[in-house]
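Listed below, chain by chain, are the residues.
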Amino acid sequence: MSSLNKAILSALFVSAVAPAQAQEATDNDEVNEEVTETIQVTGMRATMTRSLSEKKNTVAIVDAMAAADFGELPGLSLSDVIENITSVSGHRGKGSASEMSIRGLGPFLGFATFNQRTVTSAGASRAVNFKKFPSELSDKVVVYKSQQADLIEGGVAGTINVDPLKALDYGKSLIQAEIEGVYNSHTARQDGYSGLGHEFSISYVDQYRNTGMGDIGVSVGYKESDSSNPEESVLSSSSMYSCATRLADGTPLTPFSNDCEDDDRNPGVAVDRSNIDQYDLSSVYLTPSSYTFRNQEEEDERQAFVGTLQWQPSGDWDIHVDVEYSNNFYFEDRHDLLLTSARRELDDQIVGQDHALLYATGKAKMEAQGYYREEDETYNGSGINIEHYVNDSLRVELDLSYSKSYRNRTSWKSRVVTGDYWNYSLDLRGERLPTLTFLDENRKAEGEAGYTGVGVFDPTSAESWSTSYNNGRATRNRYEREMEERFDRIKAVKFDAEYIVDNGFISTVKAGVRYSEESLYSDNDDDRAIDPTTGEDTSEYRVDDEALGNLLIANCFKDWSNPEWMSSEDGVAIAGNSGKETPANQWAQFDGRCGFANISQQGELQPDGTYSFVDIGPYEDRRSAGDDLIDENILAVYAMSNINTSLFGYDVTGNVGVRVVETSIESTGYAGSYEIVTSLNDDGTTNYKMETNEGEVDVYVRDNKSTRVLPSANITFHLDNDVMLRGALYKAMSRPNLQDLGAGRVIQVSDDNDITDPADLIRRVDGDNPYMDPLMSSNADVSLEWYPSEDMYVSAAYYFKKFSANFRGVELNETLNIDGQDIPAIVNSFTYTDDPAYLRGIELSYQHNYAFLPEPFNGLGTKVSYNYASSSFENEDGEFGDVYNVDGELEQEGYDFIDPANVFGFSKHVFSGSVYWDIGDFEFRVLYKSRSKYFQPNSGARANRYVEPFEYVDATAKYKINKNFSLYFKAQNVLDEAQYMTRGTQTTPTLISSSGPKYFLSLKAKF
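What you see is a predicted model; the values in this text were computed from it and never measured.

## A short note on the overall build of the protein chain
The number of helices and strands found in the protein chain is seven helices and 51 strands. For 1007 residues, the compact-globule estimate of 2.2 N^0.38 gives 30 Å, and the protein chain sits close to it at 31 Å. Across its three principal directions, the C-alpha atoms of the protein chain cover 100 × 80 × 65 Å. Taken over 1007 residues, the protein chain has a buried fraction of 55%. Considering only contacts in the protein chain between residues 6 or more positions apart, those separated by 24 or more positions represent 74%. The centroid of the 88 positive side-chain charges in the protein chain is displaced by 3 Å from the centroid of its 162 negative side-chain charges.

Here's what the structure looks like:
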């Protein structure tokens, strides 16, 4: 057991026994007079107390994190704050959290709002990037575990809401500014980089009362940051293959001069689901097609602004206006070494018990790749909320909102590949890092008997890619420009009315209507290159050219820049060679923009024979089948009764309601344009043929509408003043990602030359599914909560969900208009299964400030939470799992040793523990979080990918210099935990990414 876990358990024990001891001591004291003393609670204790109050006093089942003072949410970012909340876990990338999962269900089943309004997303899903809302400019975060009728629908797992400050409600005047220095240890490893960055924030809150126009409150805040989050990585490809070394009867398979999945008895026949029984199962192994070793530089710049105006012209009116803006610009400059084939001419295989290929020798071409990416993302949000008390019984509320996200991600990629194949070995038997060793002509490593040193590849020398070093085989040179661009915009209006009934059972009745229009434009398949010899466009330009290769070798490679690359991980990723004086964990780095410039030859010719870099830009006509233009209109109405009564001798509060939601989709997409050419056959019949209309596209529009009814009930029994028993029954819904509703179609034309029926012209059509309806779930929750004081609570909850969230292939019947003729077609797409899945879980949480302890220990406090979830959901591995047809019937059994994945983002175990200590002017806090293995799919990959179990520690310290100035120190990822992902087997790494710890030192001024 770790020291931190022991400390947490000790704190739990103390909290259980100390109150009784403290009470006994009080009873024995002689009290001469009664003294009333007001104690002002500040710091972390105040934040935890306010968070406890939010949980206790909200009707629905929630957990929250609410700042004791403006700008004091505990976390390095809003994502980190959210991840501190019970049963919420994030996916950590580059050291910080994103893609929040609630109660074991993935982010695509969750929902997020800002100020109770839907937030747009510039990513590939509806999941919100919370980094756009600085924690310093936010007031509180509430996670709704159960649903109620007046909440915006969209979260089967739950809803995360972030609230800004309301100045009049805050009630104090405040000016605060913070300047912060940032140090990233992994950035400092890079030559020419110090690892230093900065953050700066300033905010102002004030109230102007009795102005003649009523009371006015304003708050404005601005934050900017400039730092870096580089990654040192070892990756393997998303494509996985199965191979074997023996037949079922034990006959060895001899090494084959091709890829290992091909049977040497019958070249071209792969080991797969249909024939795996022909092989000795213990000799079957899984391997990726390639491995990548990555070093990169990166810089991240962010600016954010939040402003609010609260105006109360009289006691009957409350008007709140808010504006949000954020911009994030970053670049990353990757330098990759690729083992292009991890399965060619394999020999000496050692297969693990889980069928991972633990060791093998083989042959591969080596690739040096440069990849320079820029991303610019902007968010704009605004809204106005008008609340009016018509009379003592009726309150009405109008809310207008606008949200827009934009992202452009552009990359310039170039690479050089050796003309010849090189001997190597890859060893996964030791640490998590695979070890790549280059072998001699006899496939011997340095130090082995028979090693000659001849023919050993030197990855640190650019000359290793030259034609002369590759037996006269010319270097292959490649380049392309990649681009993704998205706009997402929402306009919404909401009207609510609440009427006081107070008849002894129902306290108020509430009803409302909400209408929203969302528009998404997504262009994500714009890979472009220009052939310098013809000027024609192509998706990628490739050429085998010795002279060009020599030019790139002489001008586009640069010296190694990271002497401590992957030193945070045990083991060696690339073995050195003492005889050749080749250091370990180094390679010749290729500059992506230099390669792009000199292969494309679109810039100006320089005196030294090289070309300057110029961006060739996107296609003039960017329309393609991968584009999405989707409009989603939502109309929702609800009615809800709030309950305040007595039942079975207990006070009972809660609400019962129903929400009816109509979702309308109009999806516009593109497909290639064709002309139908006819000719007359000798027998008098007509022959049909489809020919491409170059440079033209056809437009397709698809519509869908669905209506869902969402009843809900949240009931709380107040068993006594300190104990509550909450229960919730409700239906919830989550909508498909907008980009999964595309109408674009990829058409494959029949190559038959004798077609007499136009219906036979199309061989196959692929595309998204614009007819998918929202996903539904039936839910039950129960939570027992004990609040013995304002500083302490203990809660235990059980939850149950029945839902359908698995995707499977489906055949859609559509009519395509080709050259004016309607042709029936079957579109191969995907949809949800009808088979139900079940999720059951328990969550335990405990919070306490030990104010009863003697000084200085009375400033100690802790919060501990644990979530356990069990799910029947199965997501078959696309490469090796069971295969079902479009009707859900089993067509082919998968490999017995490959288990299906669970829900995207599902972790069986999530634990979070924090300890804080306020000692006079000092304040310390340590957060520990652990999460078990979970499924993390990536676009375009068939084999399932998993994030292996991880734990991390963040820490903060504060020193209050005086009433105006405070000094802060923060540390992120103290354990230097790398992200470790596997694919296929639990010992086959697909990503090992190390970002290192990050440290912050700041001075905050408050006036």
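## A look at the environment of Glu696
By secondary structure assignment, the location of Glu696 is in strand β31 (residues 686-718). For Glu696, a relative accessible area of 48% puts it in the partly exposed group. The spatial distance from the C-alpha of Glu696 to the C-alpha of Asp621 is 9.0 Å, given a sequence separation of 75 residues.

## Focus on the state of the cysteines
What the rule picks out here adds up to two disulfides. Bridging Cys243 to Cys260, the disulfide has an S-S length of 2.0 Å. Looking along the S-S bond of the Cys243-Cys260 disulfide, the torsion reads about 50 degrees, which is the right-handed sense. Placement of Cys243 in strand β12 (residues 240-243) and of Cys260 in the loop between β12 and β13 (285-288) is noted, with a sequence separation of 17 residues between them. With a relative accessible area of 0%, Cys243 lands in the buried category.

## Remarks on the pairing of strand β29 (residues 628-647)
Taken together, the 16 bridges between strand β23 (residues 506-523) and β29 define a ladder with antiparallel strand orientation. By the bridge assignment, Ser522 is partnered in β29 with Asp628. Across 19 bridges, the pairing between β29 and strand β30 (residues 650-680) is antiparallel. Of the residues in β30, the one forming a bridge with Val637 is Val660. The hairpin formed by β29 and β30 contains two residues between the paired strands, and Phe648 there has a positive phi angle of roughly 55 degrees.

## Concerning the nonpolar core
Formed by 54 residues in total, the largest nonpolar core has its most connected members in Phe293, Tyr424, Trp465 and Phe557. Core analysis: the second largest hydrophobic core is formed by 48 residues, Met100, Val156, Ile630 and Ala837 among them.

## Side note on the packing of aromatic side chains
Counted under the stated rule, the structure contains 33 aromatic pairs. On the numbers, 5.6 Å between centres and 15 degrees between planes, the contact of Phe331 with Tyr372 is stacked. Taken together, the residues span a long stretch of sequence, with Phe331 in strand β15 (residues 317-339) and Tyr372 in strand β18 (residues 366-389) at a distance of 41 residues. Look at Tyr372 and you get buried, because its relative accessible area is 7%. An aromatic cluster is defined as three or more aromatic residues linked by ring pairs; in this entry it consists of Phe331, Tyr372, Trp412, Tyr479, Tyr541, Phe596 and Phe613. Its guanidinium or amino end placed over the ring of Tyr934, Arg931 lies 3.5 Å from that ring's centre, counting from NZ or CZ. Here Lys970 stacks its cationic end above the ring of Tyr968, 5.8 Å away from the centre of that ring.

## Observations concerning the sheet that holds strand β17 (residues 357-364)
Read from one edge of the open sheet, four strands run β16-β17-β20-β21, paired in antiparallel fashion. The two strands at the open ends of the sheet, each matched to only one other strand, are β16 (347-351) and β21 (435-438). For this sheet the average axis-to-axis angle between neighbouring strands, irrespective of direction, equals 20 degrees.

## Structural notes on the pattern of salt bridges
Within the structure shown, the criterion is met by 64 salt bridges. Here Asp63 makes a salt bridge to Lys145, at a shortest N to O gap of 2.8 Å. Here Lys145 lies in the loop between β6 (140-144) and β7 (158-163) and Asp63 lies in strand β1 (residues 62-66), a separation of 82 residues in the sequence. Accessibility assignment for this pair places Asp63 and Lys145 in one class, buried. Note that Glu480 and Arg415 form a salt bridge whose closest N and O atoms lie 4.0 Å from each other. Here the residue Glu480 occupies a position in strand β22 (residues 476-500), and Arg415 occupies one in strand β19 (residues 394-417), the gap between them amounting to 65 residues. Each member of the pair Glu480 and Arg415 is classed as buried.

## Considering helix α7 (residues 592-600)
Counting buried residues in α7 gives eight out of nine residues, a clear majority hidden from the surface. Residues Gly592, Cys594, Gly595, Phe596, Ala597, Asn598, Ile599 and Ser600 constitute the buried set of α7. Capping the start of α7, Asp591 holds a side-chain oxygen 3.1 Å from the backbone nitrogen of Arg593, two or three residues further along. After α7 finishes, the residue Gln601 shows a positive phi value of roughly 55 degrees.

## Focus on the environment of Ser845
Positionally, Ser845 belongs in strand β39 (residues 837-849). For Ser845, the contacting residues outside a window of four places in its chain are Thr86, Tyr793, Val794, Ser795, Val864 and Ser865. Looking at Ser845, its side chain comes within polar contact range of the side chain of Tyr793, at 3.4 Å. Engagement of the side chain of Ser845 in a polar contact is seen with the side chain of Ser795, the distance being 2.5 Å.

## Some points on the pairing of β17
Counting buried positions over the eight residues of β17 gives seven, a clear majority of the element. In this structure, β16 lies alongside β17, joined through three bridges in antiparallel fashion. Bridge assignment links Ile350 to a residue of β17, and that residue is Tyr359. When β17 meets strand β20 (residues 422-427), the two strands line up antiparallel, connected through six bridges. In the strand pairing of β20, Gly362 is matched with Tyr424.

## So, unusual backbone geometry
Most of the time, phi is negative for any residue but glycine, and the peptide bond is trans. With an omega of 0 degrees, the peptide bond between Glu855 and Pro856 qualifies as cis. For Pro856, the position within the fold is in the loop between β39 and β40 (860-871).

## Remarks on the side chain of Asp698
On the secondary structure map, Asp698 appears in strand β31. Nearest to the buried, unbridged Asp698 among oppositely charged side chains is Arg623, at 8.4 Å. Of note is the side chain of Asp698, whose polar atom sits 3.3 Å from the side chain of Ser673. In contact with Asp698, not counting residues within four places along its chain, are Gly669, Tyr670, Ala671, Gly672, Ser673, Tyr674 and Asn817.

## Details of the sheet that holds β6
Read across the open sheet, the five strands follow the order β1-β6-β7-β4-β5; overall the sheet is mixed. In this open sheet, the two edge strands, each paired with only one partner strand, are β1 and β5 (117-118). Bridge analysis of β1 against β6 gives five bridges, and the strand direction is antiparallel. Each residue of the ladder has a partner; that of Asp63, found in β6, is Val143. With respect to the sheet, helix α2 (residues 43-57) is in contact with β1 and β6, its orientation differing from that of β1 by roughly 150 degrees.

Here is what the cut-offs are and how they apply
- Residues numbered from 1 in each chain as written.
- Predicted model: local features only at pLDDT ≥ 70, side-chain atom pairs only at ≥ 80, totals over all residues.
- Heavy atoms only, no water.
- Helix = DSSP H or I, 4+ residues; strand = E, 2+ residues; numbered from the N terminus.
- Rg over C-alpha atoms; globule rule 2.2 N^0.38 Å.
- Buried < 20%, exposed > 50% of the residue type's maximum accessible area, 1.4 Å probe, protein only.
- Contact = heavy atoms within 4.5 Å.
- Lys, Arg positive; Asp, Glu negative; His and termini not counted.
- Charge placed at Lys NZ, Arg CZ, Asp CG, Glu CD.
- Disulfide = S-S within 2.5 Å.
- Pairing = 2+ DSSP bridges.
- Core = buried A, V, L, I, M, F, W, Y, C linked by side-chain atoms within 4.5 Å.
- Phe/Tyr/Trp six-rings, centres within 6.5 Å; stacked < 30°, edge-to-face > 60°.
- Lys NZ or Arg CZ within 6 Å of the ring centre and 35° of its normal.
- Axes fitted to C-alpha atoms, helices over the stretch in contact; angles between N-to-C directions.
- Salt bridge = Lys/Arg side-chain N within 4 Å of Asp/Glu carboxyl O.
- Polar contact = N/O pair within 3.5 Å; in protein donor to acceptor, adjacent residues only side chain to side chain.

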